[in-house]
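Commentary on secondary and tertiary structure
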Amino acid sequence: MIKFNSAPSYFWLNAWVLANIIELSTQHFCDRFVDYKIDPGHRLYDQMTQAARSIRANIAEGSGRHETSLETEMRLTDVARASSHELMGDYLNFMMRHSLTAWNSDDNRFLSVINLRLDNPEYGNNFISDAMSHISRQLSRFDCFLKHGSASDAANCMVVLCLKINSMLTSMLLTQLSDFKQQGGFAENLTQERIEARREVAASSGAPACPKCGRPMLRRMQKKGQMQGREFWGCSDYPNCNGLRNIDDNQA
């Protein structure tokens, strides 16, 4: 029997928890306020709920790719951030369409939402059930606006939550970019691993040393030009070193 003893890494991200809150709240908002009169084709409902889902799904998928591809993680985080802007635009359009007043940034309601800090999660062996309970508890902290408030309260609260998660995702993206600069990307690391393996094989097989830097050389083939197809020795530290030898040189 397969046993799972720990929650996926993204379960611990406040951004993922908030993304779940935004998705659930958007579904509830659309059930309450996006009716047939303003959305006869059901397209607005679908677009808003799918944008909210995209935030949550891309955070999870990006986090899942952290160990194998920092480039993919950054791309997915950026998609999540773009989806938060898309969703916020839909809420702003709803407010303008219904002549609703936006909260000012010094409004106590705005401040109470933007400054609310989510509780740290605590997961045991039943981490899926624990995560659902944790998300539900954090969601209930916005009930006065989202569940019991007017359309204006709910839409304003959702705009602020979109701003909040956008800020989180921007910080995550900057951290991922810093990691990428230090560690390199997936393709770069694979290439480096392949080069190191080829260097080891070259060194153990008696390949000649580079006349410039002394590193073992690798057999290469010219890919274009008049001499296309000609084999030659090239330095294994290329492009840092461009040392060359003819393939018939037997100098070591």
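The structure reproduced in this document is the subject of the present report. (Residues numbered from 1 in each chain as written. Predicted model: local features only at pLDDT ≥ 70, side-chain atom pairs only at ≥ 80, totals over all residues. Heavy atoms only, no water.)

**Description of the packing of helix α2 (residues 43–64) against helix α3 (residues 70–97)**
The geometry of α2 relative to α3 is characterised by a closest axis approach of 8 Å and an angle of 155° between their N-to-C directions. Accordingly, the angle class assigned to the pair α2 and α3 is roughly antiparallel. Between α2 and α3 lies a crossing whose hand is left-handed. Between α2 and α3, the contacting residues are L44, Q47, M48, A51, A52, S54, I55, N58, I59, E61, G62 and S63 on the first element and E73, L76, V79, A80, S83, S84, E86, L87, D90 and Y91 on the second. Looking at the contact of α2 with α3 residue by residue, the classes come out as 11 nonpolar, 7 polar and 4 charged. (Axes fitted to C-alpha atoms, helices over the stretch in contact; angles between N-to-C directions. Helix = DSSP H or I, 4+ residues; strand = E, 2+ residues; numbered from the N terminus. Parallel < 35°, antiparallel > 145°, perpendicular 65-115°, else oblique. Left-handed = near helix turned anticlockwise from the far one by under 90°. Contact = heavy atoms within 4.5 Å. Nonpolar A, V, L, I, M, F, W, Y, C, P; charged D, E, K, R; others polar.)

**Observations regarding the pattern of salt bridges**
Taken as a whole and assessed by the stated rule, the structure comprises 4 salt bridges. We note a salt bridge from R56 to E23, for which the minimum N-O separation is 2.9 Å. Here E23 lies in helix α1 (residues 14–33) and R56 lies in helix α2, a separation of 33 residues in the sequence. Owing to a relative accessible area of 10%, E23 belongs among the buried residues under this scheme. The salt bridge involving R141 is made with D119; its shortest N-O contact spans 3.4 Å. With R141 in the loop between α5 (127–140) and α6 (143–146) and D119 in the loop between α4 (108–114) and α5, this pair connects stretches of sequence that are 22 residues apart. The partly exposed category is assigned to D119, whose relative accessible area is 40%. (Salt bridge = Lys/Arg side-chain N within 4 Å of Asp/Glu carboxyl O. Buried < 20%, exposed > 50% of the residue type's maximum accessible area, 1.4 Å probe, protein only.)

**A closer look at the packing of α1 against α2**
Here α1 crosses α2 at 170°, and the two axes come no closer than 9 Å. As judged from the angle between their axes, α1 and α2 are roughly antiparallel. Remark: the crossing between α1 and α2 carries left-handed chirality. Note on element contacts: α2 touches α1 through Y45, M48, T49, A52, R53, I55, R56, I59 and A60, opposite A15, W16, A19, N20, I22, E23, T26, Q27, F29, C30 and D31.

Remember that the coordinates give geometry; whether it matters functionally is a separate question.
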